[in-house]
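One letter stands for each residue in the lines below.
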Amino acid sequence: MAALAIPVGLASGTAYAQRAPLVLAAASLQESLTAAADAWAKNGHIKPTISFAASSALARQVESGAPADLFVSADEDWMNELAKKNLIVASTRVTFLGNRLVVAAPAGSKVRIPVRPPAALARVLTAGPLAMADTAVPAGKYGQASLEKLGVWAQVSPKVVRAENVRATLALVERGAAPLGIVYATDAKASAKVRIAGVFPENTHPAITYPVARLKASTNPDAEAFRRFLVSREGKAIFVRYGFSAR
């Protein structure tokens, strides 16, 4: 009787059995990180599975024992939080991207955001609801810091409509639920339904940076290789195409 042919992948217990790396990533990385994962898969690797949400929510998932492999945060604070609890491999932490904070308006809007004087800025931002991510979320934290530095937070805060993350903020502007929203430049670039009405000076808020690290709980052999790809020249070039700055 002829022997039953078994596919090599099944016999070795590798290609068919190996799961994709799970990446927890900031919501603002949706298009760019998906493109990076596609490029990685085209090179013959298993395409990573990516879960996008607010950095704060993802960090809490890690703290609760989520079986993930990599964490990409939209700020240093939430990565620091995991580092303090010894939940990341410290040697793998790299800050590799930067972004800008902007005010998005519907594509057909003619409004322009005057950064100064404060009275003019406050008048424009309080003309209607201002969409912002919750201040537990990096985009919300940056937005509040900038408005405080510009001297208008007290006037603007009663008009703020909170969203769970920066993409939810963007959606409020896209749907017309808010005439203005504070998002990242890359979010505004990703949507044909909005335009950038103003850019916050970089010296009015903490630097917007994106660190990545492998999680201590990771058991996936592909996770470290994918992390190295993300911080490589080739990987960073993908993010630059989507409007991020490379660091």
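Residues numbered from 1 in each chain as written. Predicted model: local features only at pLDDT ≥ 70, side-chain atom pairs only at ≥ 80, totals over all residues. Heavy atoms only, no water.

Student: Can you explain the overall build of the protein chain? Please cite residues and give values.
Tutor: Along the protein chain, the regular secondary structure elements total eleven helices and eleven strands. Counting only C-alpha atoms and orienting by the principal axes, one finds that the protein chain spans roughly 85 × 40 × 30 Å. Taken over 247 residues, the protein chain has a buried fraction of 49%. Considering only residue pairs separated by 6 or more positions, the protein chain has 77% of its internal contacts joining residues 24 or more positions apart. Looking at the protein chain as shown, the accessible area adds up to about 11200 Å², and 55% of this sits on carbon and sulfur atoms. Charged side chains in the protein chain number 29 positive and 17 negative. The centres of these two groups are separated by 6 Å. (Helix = DSSP H or I, 4+ residues; strand = E, 2+ residues; numbered from the N terminus. Buried < 20%, exposed > 50% of the residue type's maximum accessible area, 1.4 Å probe, protein only. Contact = heavy atoms within 4.5 Å. Areas by Shrake-Rupley, 256 points an atom, 1.4 Å probe, with all protein chains shown as cover. Lys, Arg positive; Asp, Glu negative; His and termini not counted. Charge placed at Lys NZ, Arg CZ, Asp CG, Glu CD.)

Student: Give me the nonpolar core: which residues, what numbers.
Tutor: In this structure, Leu29, Leu33, Leu147 and Tyr210 are the most contacted members of the largest nonpolar core, which totals 61 residues. Counting 13 residues, the second-largest nonpolar core is a separate cluster that includes Ala59, Val62, Phe71 and Leu82. (Core = buried A, V, L, I, M, F, W, Y, C linked by side-chain atoms within 4.5 Å.)

Student: Run through the pattern of salt bridges, naming residues and quoting values.
Tutor: If you walk through the whole model with that rule in mind, you get 13 salt bridges. Here Glu76 ties to Arg93 by a salt bridge, and the two come within 2.8 Å at their closest N and O atoms. Highlighted residues: Glu76 in helix α4 (residues 76-84) and Arg93 in the loop between α4 and β4 (94-98), separated in sequence by 17 residues. Residue classification places Glu76 among the partly exposed positions, given a relative accessible area of 21%. Take Arg93: its relative accessible area is 26%, and that puts it in the partly exposed class. Each of the salt bridges in this network shares a partner with another, and the network as a whole consists of Arg214, Glu224, Arg227 and Arg228. (Salt bridge = Lys/Arg side-chain N within 4 Å of Asp/Glu carboxyl O.)

Student: Outline the sheet that holds strand β2 (residues 49-53), listing residues and values.
Tutor: Within the open sheet, the six strands sit side by side as β2-β1-β3-β10-β4-β11. Their pairing is mixed. With partners counted over all chains shown, the strands left at the sheet margins are β2 and β11 (245-246), one partner each. Taken together, the five bridges between strand β1 (residues 22-26) and β2 define a ladder with parallel strand orientation. Looking at the pairing, Val23 lines up with Ile50 of β2. Its contacts with the sheet put helix α2 (residues 30-42) on β1 and β2, and the angle it makes with β2 is roughly 170 degrees. (Pairing = 2+ DSSP bridges. Axes fitted to C-alpha atoms, helices over the stretch in contact; angles between N-to-C directions.)

Student: With reference to specific residues and values, describe empty space enclosed by the protein.
Tutor: Tallied over the full model, the rule gives two cavities of 30 Å³ or more. Taken as a whole, the largest cavity spans an internal volume of roughly 50 Å³. Considering the residues around the largest cavity, the lining is formed by 13 residues, among which Ala26, Ala27, Ala74, Val137 and Val166 are closest to the centre. In this structure, the second largest cavity spans a volume of roughly 30 Å³. Together, Val103, Ile113, Val115, Gly198, Val199 and Phe200 line the second largest cavity. Here the lining of the second largest cavity is built from residues that sort into five nonpolar, one polar and no charged. (1 Å grid on protein atoms, 1.4 Å probe; cavity = no way out; pocket = protein on both sides within 12 Å on 5 of 7 lines; lining within 4 Å. Points joined across faces, edges and corners; volume = space filled by probe spheres on them. Nonpolar A, V, L, I, M, F, W, Y, C, P; charged D, E, K, R; others polar.)

Function cannot be inferred from these measures alone, as they are strictly geometric.
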